[in-house]
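The residues making up each chain are set out below.
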Amino acid sequence: MADEKEKETSELLVADMQRKIKEAFEVFDHELNNTVDVREIGTIIRSLGCCPNEGELHDLLAEVEEEEPTGYIRFEKFLPVMTNILLERRYRPIPEEVLLRAFEVLDPTKRGYLSKEELIKYMTEEGEPFSQEEMEEMLSAAIGPESNFIHYRDYITMMVIDEN
Amino acid sequence: MGCGSSSIKIRKSAKTIRAALIIQNWYRGYRARLKTRQRYALTIFQSIEYADEQGQLQLSNFFSFMLENYVHIQEKDPTLVNRLFGCAPLDDRGRQECVGIIEIPDSYIGPRLQFPLNSNSLNVMIEAFKQQQILHAYYVLEILFETKEAMKQMPNFNHIRTCPTKEITICGDLHGKLEDLLLIFTKNGLPSGYNPYVFNGDFVDRGKCSIEILMILFVSFLLYGDDLCLNRGNHEDFLMNMRYGFTKEVLSKYKIHGKKILQVLEEVFAWLPLGTIIDDEILIMHGGISESTDLNLLHHIERNKMKSVLMPPVPVDKDVGTETKKTKGYMPRGVKLSGSPSDYLTKHEWEQVIDILWSDPRGKRGCYPNTSRGGGCYFGPDVTTKFLNKNRLKLLIRSHECKPEGYEVCHDGKVITVFSASNYYEEGSNRGAYIKVGFSTNLRFFQYQVTKATCLGPLHQRVNTIESSAIRILKERIISRKTDLIHSFQLQDRTKSGKISMGQWAFSMENVLGLNLPWRSLSSHLVLTDQDGNIDYMTCFHDIHIQKPVKEAQSALIETLYRYRSDLQIIFNVIDSDHSGLISMEEFHSMWKLFCSHYNLHIGDSQVDELAERMDLNKDGSIDFNEFLKAFYVVHQLDNLHKSKTQLA
């Protein structure tokens, strides 16, 4: 029956998806006891292709933490939550054009670039501010040590190629 | 708010906030994926490293097996047996004969040292090493003999105390990375009576400057004795050195006297203390503990009897029969040992030492065999607590495992791992660290990373480097098991379509290679997947192959020889007791037969003989085995270079 076959396929898909989640989790499970440090959860979720923002991440953590937070997240709690996220296709990544337009908003006079100071100000004072480490890393990739400008179109293109 | 504001005007509006959010969100996702790729690469490096260690232990089993069955050695060369089973040290007369005859030519431009040594000697040496000069063998040997004499006086455990004006610095594995040691000295000062150090083993192997590190550490030890504590690591072991590069480094830097140096080093290593205890509270050992670790016993064993931790011990009664030919721990029948059974450690003592040098802490409670490495065990937080309480200790500091941040605290703060070789696997793989212990046991952690450039490259570049390096060595592993992999794939490919599911592919890979890796996530680097998500498994082998030294040779044979390259090299080096680099066809033949039997390989003898002959090796009936083995290497098709030699040691 077509229905049964469909059901079987989707079961297989879920099973495969769950194994992928397990792999991503295990890589951060240093003690090999099916737990990871809570600070790595954001990285794990993002490594599976999802892009929650910090606020959404905070809410997700509440779902996977123990009633009395221990600093560790157990796989048994993480798996169902993550499976749903993937099945419902939540927190989809940002398309390139949207990203480009965001940069253009910050560059209203359409120079094609942002100055280092401008980028730092926006990233560390607006939205969900970067930590110093995040800011430094972004800068090291975006501009050379001598330059002071980020040509955002080129930057985006470079990052996208690298990811693929 | 007002003072210090910059001249940049920021337009605060809902639009800008949204834009900033988008960019931040995207960047965080990108960064997370980079970090994950970095983590995957490290996992690959580590799995392969541990699998090799297992291979090393398997090899030591082979040595026992070989000696039992390899008749020629026993008759011709009893010293080989003693070499492997650890006996007959060089005495003082040996020293005179060894060093006394060496002359330093006027043309030598390296550092010249005065004996007795003083702090200036240390400075002179360090400056010379920075210029990449090589210390003359005469000085090396003198230092080694002096060190051996001094170390003989040391107990099995160093005892050292902090005081209000002196902090003790603890460093972990260095593995021949001189730049890291020099960086530590720059940040933290040279060793001295006011600046005590503990070095927790694994000074050698893998890096390029192991001998220089040893020289610095030994000279410091000779100068500052009580304030420079050296602990033995699992790599301070001549059998490990044969596989992991130190033996090769010494022989290539010291072409004439290298063998003598290695011989004396064997003894120096065996005399290294097993650990250090600070203030009777902090225990520092290289690996870890097991549930049966008996500190009392360890304080009293004769540590110098353990030349190599990998060679099995001798039973108390040497006349025990050998019906159990393949059991570890029994001497081959009819082999004459010089000395009596009391010259060797008992099996129990041997196990105690292997546990403290090879074990790793884990989160799971209890104690169970360390299956990744093949030696020592995994010990849980309960084992730690029990051990520390029993011995009235507060903390265990150990090394032995590479950590991305250079150090890691576990078991509720009771166990700390410190690892001092940054970029251990590859440029950008990890930081190094050292710990400073002050009065009243307060601890401070320091991290660093050696880099060739003046500033660290951007994250994505670093990640690309280690990722491609890791994938490369993984592919070499894959190609060395091609036949078995294809067999496994085909078993699952019922329809003979050339395709299997992701799950099936991951299963085969894990099973055949014996590596616990995130195969699904790595699949995109290793195979081609079709739009239904199925894997075209033959694409595993597409852009890489083993260079055939002779066109007609069978692939399966080549693959086997490639896979066991390291083991064969070690075996040949051990058999070749006159260090000529040559073994006879006869020796090669018998050894190969044994090897196949022990490792369960089904390669016909004639195939190998034919190959050896075809390779136009010395036609006088002997084989230059180094040349023989060099001929097997992997070609990565996508390399810009035409040939790429793999270095397994």
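Residues numbered from 1 in each chain as written. Chains lettered and ligands numbered in written order. Predicted model: local features only at pLDDT ≥ 70, side-chain atom pairs only at ≥ 80, totals over all residues. Heavy atoms only, no water.

A word on the overall build of chain B
Inference 1: What chain B contains, in helices and strands, is 23 helices and 21 strands.
Inference 2: Buried residues in chain B amount to 58% of all 649 residues.
Inference 3: A sequence separation of at least 24 residues applies to 74% of the contacts in chain B between residues at least 6 apart.
Inference 4: As presented, chain B carries roughly 27900 Å² of accessible surface, and 50% of it is formed by carbon and sulfur atoms. (Helix = DSSP H or I, 4+ residues; strand = E, 2+ residues; numbered from the N terminus. Buried < 20%, exposed > 50% of the residue type's maximum accessible area, 1.4 Å probe, protein only. Contact = heavy atoms within 4.5 Å. Areas by Shrake-Rupley, 256 points an atom, 1.4 Å probe, with all protein chains shown as cover.)

With respect to the state of the cysteines
Residues and elements named next belong to chain B.
Inference 1: What the rule picks out here adds up to 0 disulfides over all chains.
Inference 2: Not engaged in a disulfide, the cysteine Cys229 finds its nearest cysteine sulfur in Cys171; these two sulfurs lie 12 Å apart.
Inference 3: For Cys229, a relative accessible area of 2% translates into the label buried. (Disulfide = S-S within 2.5 Å.)

Quick notes on the pairing of strand 10 (residues 395-398) of chain B
Residues and elements named next belong to chain B.
Inference 1: Burial along strand 10 is two-sided: the face carrying Leu395 and Ile397 and the face carrying Leu396 and Arg398 are both buried.
Inference 2: Bridging between strand 6 (residues 282-284) and strand 10 involves 3 bridges; their strand directions are parallel. When the bridges of strand 10 are listed, Ile284 appears paired with Ile397.
Inference 3: The sheet contact formed by strand 10 and strand 12 (residues 415-418) spans 3 bridges and is parallel. For Leu396, the partnering residue across the bridge sits in strand 12 and is Val415. (Pairing = 2+ DSSP bridges.)

A word on the interface of chain B and chain A
A common measure of how large an interface is: the accessible area buried when the components associate.
Inference 1: The interface is formed by 46 residues belonging to chain B together with 50 residues belonging to chain A.
Inference 2: Both faces combined, the contact of chain B with chain A buries some 4800 Å², and carbon together with sulfur accounts for 61% of it.
Inference 3: Together, Trp26(B), Arg28(B) and Arg520(B) form the three largest contributors to the area buried by chain B at its contact with chain A, with a combined 16%.
Inference 4: Between the two partners, chain B and chain A, sit 7 salt bridges.
Inference 5: Linking chain B with chain A are 13 residue pairs in polar contact (both at pLDDT 80 or more), by the criterion used here.
Inference 6: Counting only elements with at least two residues in the side of chain B that touches chain A, the list comes to helix 1 (14-69), strand 11 (407-410), helix 15 (459-479), helix 17 (502-513) and helix 18 (519-526) of chain B.
Inference 7: With 25 residues, helix 1 of chain B is the largest single contributor of residues to the side of chain B that touches chain A.
Inference 8: Each residue belonging to the side of chain B that touches chain A can be placed in one class, and the counts come to 21 nonpolar, 12 polar and 13 charged. (Buried area = accessible area lost by both parts, 1.4 Å probe. Salt bridge = Lys/Arg side-chain N within 4 Å of Asp/Glu carboxyl O. Polar contact = N/O pair within 3.5 Å; in protein donor to acceptor, adjacent residues only side chain to side chain. Nonpolar A, V, L, I, M, F, W, Y, C, P; charged D, E, K, R; others polar.)

What about the UniProt feature "domain: EF-hand" (unreviewed entry) in chain A?
Residues and elements named next belong to chain A.
Inference 1: Listed under "domain: EF-hand" (unreviewed entry) in the UniProt record, and renumbered for this structure, are residues 16-51 and 94-129.
Inference 2: Across residues 16-51 one finds 50% helix and 8% strand; the C-alpha atoms that close the span lie 21 Å apart.
Inference 3: Taken as a whole, residues 94-129 contains 58% helix and 6% strand, while its terminal C-alpha atoms sit 18 Å from one another. (UniProt positions renumbered as here; feature names shortened; annotations may be inferred.)

Points about helix 3 (residues 54-64) of chain A
Residue and element names in this part refer to chain A.
Inference 1: Regarding helix 3, the residues found buried are Leu57, Leu60, Leu61 and Val64. The buried residues of helix 3 occupy an angular sector of 105° when the element is viewed end-on, so they sit on one face. Pointing more than 90 degrees away from the buried face of helix 3 are the exposed residues His58, Asp59 and Ala62.
Inference 2: As for helix 3, its buried residues are in contact with helix 2 (41-47), strand 2 (72-74) and helix 4 (75-87).
Inference 3: With a side-chain oxygen lying 3.0 Å from the backbone nitrogen of Gly55, the N-terminal cap of helix 3 falls on Asn53. (Arc of directions from axis to C-beta.)

A look at the packing of aromatic side chains
Remark: the centre distance and the inter-plane angle together describe each pair of aromatic rings, the angle taken between the planes.
Inference 1: Taken as a whole and judged by the stated rule, the model has 27 aromatic pairs over all chains.
Inference 2: Centroid distance Phe103(A) to Tyr152(A): 5.3 Å. Interplanar angle 10°. Geometry classified as stacked. Of the two residues, Phe103(A) is situated in helix 5 (residues 96-106) and Tyr152(A) in helix 8 (residues 152-163); the sequence distance between them amounts to 49 residues.
Inference 3: Judged by centre distance (4.3 Å) and plane angle (15°), the ring pair of Tyr407(B) and Phe445(B) falls under stacked. On the criterion of sequence distance, the pair formed by Tyr407(B) in strand 11 and Phe445(B) in strand 14 (residues 443-448) is long-range, its members being 38 residues apart.
Inference 4: Residue Phe445(B) is classed as partly exposed on the basis of its relative accessible area, which comes to 28%.
Inference 5: Ring-pair connections join several aromatic residues into one group, and the members of that group are Phe130(A), Tyr155(A), Trp26(B), Tyr27(B) and Tyr30(B).
Inference 6: Cation over ring: Arg373(B) sits above Tyr50(B), and NZ or CZ is 4.1 Å from the ring centre. (Phe/Tyr/Trp six-rings, centres within 6.5 Å; stacked < 30°, edge-to-face > 60°. Lys NZ or Arg CZ within 6 Å of the ring centre and 35° of its normal.)

A look at a negative patch on the surface
Inference 1: A cluster of acidic side chains, namely Asp3(A), Glu4(A), Glu6(A) and Glu8(A), defines a negative patch on the protein surface.
Inference 2: Considering the arrangement of structural elements, one finds Glu6(A) in helix 1 (residues 2-26). (Patch = residues over 30% accessible without salt bridge, like charges linked within 9 Å, V, L, I, M, F, W, Y side chains within 5 Å. Lys, Arg positive; Asp, Glu negative; His and termini not counted. Charge placed at Lys NZ, Arg CZ, Asp CG, Glu CD.)

Some thoughts on the nonpolar core
Inference 1: With 132 residues, the main nonpolar core has Phe78(A), Leu474(B), Trp505(B), Trp519(B) and Phe595(B) as its most contacted residues.
Inference 2: The element best represented in this core is helix 1 of chain B, accounting for 12 residues.
Inference 3: Trp519(B) has contacts with Glu23(A), Leu474(B), Trp505(B), Ala506(B), Met509(B), Glu510(B), Leu513(B) and Leu526(B), leaving out every residue within four places of it along the chain.
Inference 4: By size, the runner-up hydrophobic cluster in this structure holds 56 residues, among which are Val99(B), Leu174(B), Phe246(B) and Phe269(B). (Core = buried A, V, L, I, M, F, W, Y, C linked by side-chain atoms within 4.5 Å.)

Digging into helix 16 (residues 482-492) of chain B
Residues and elements named next belong to chain B.
Inference 1: When we look at burial in helix 16, the residues that qualify are Leu485, Ile486, Ser488, Phe489 and Gln492. Looking straight down helix 16, one finds its buried side chains confined to an arc of 165°; they lie on one side. For helix 16, the exposed residues lying more than 90 degrees away from the buried face are His487 and Leu491.
Inference 2: For helix 16, the secondary structure elements touched by its buried residues are helix 15, strand 15 (499-500) and helix 17.

Re the side chain of Asp355(B)
Residues and elements named next belong to chain B.
Inference 1: Secondary-structure assignment places Asp355 in helix 13 (residues 347-358).
Inference 2: Assessed through its relative accessible area of 13%, Asp355 is described here as buried.
Inference 3: For Asp355, the contacting residues outside a window of four places in its chain are Gly288, Ile289, Ser290, Ser292, Gly376 and Cys377.

Brief notes about unusual backbone geometry
Residues and elements named next belong to chain B.
Inference 1: Here Phe115 and Pro116 are connected by a cis peptide whose omega angle stands at 0°.
Inference 2: Residue position: Pro116 is located in the loop between helix 4 (92-99) and helix 5 (119-130).
Inference 3: The backbone of Asp202 sits at a positive phi, close to 55°, despite the residue not being glycine.
Inference 4: Relative to the assigned elements, Asp202 resides in the loop between strand 3 (197-199) and helix 8 (210-224).
Inference 5: Positive phi values are uncommon outside glycine, yet Asp205 reaches one of about 85°.
Inference 6: Assignment of secondary structure puts Asp205 in the loop between strand 3 and helix 8.

Things to note about the confidence of the model for chain B
Residue and element names in this part refer to chain B.
Inference 1: Summarising the model, chain B shows a mean pLDDT of 82, and 83% of its residues fall at 70 or more.
Inference 2: In the model, residues 315-339 has pLDDT below 50 throughout and makes 38 contacts with residues more than four positions away in sequence or in other chains.
Inference 3: Taken as a whole, residues 640-649 scores under 50 in pLDDT and shows 21 contacts with residues more than four places along the chain or in a different chain.
Inference 4: With pTM at 0.80, the complex prediction returns an ipTM value of 0.91. (pLDDT = per-residue confidence, 0-100.)

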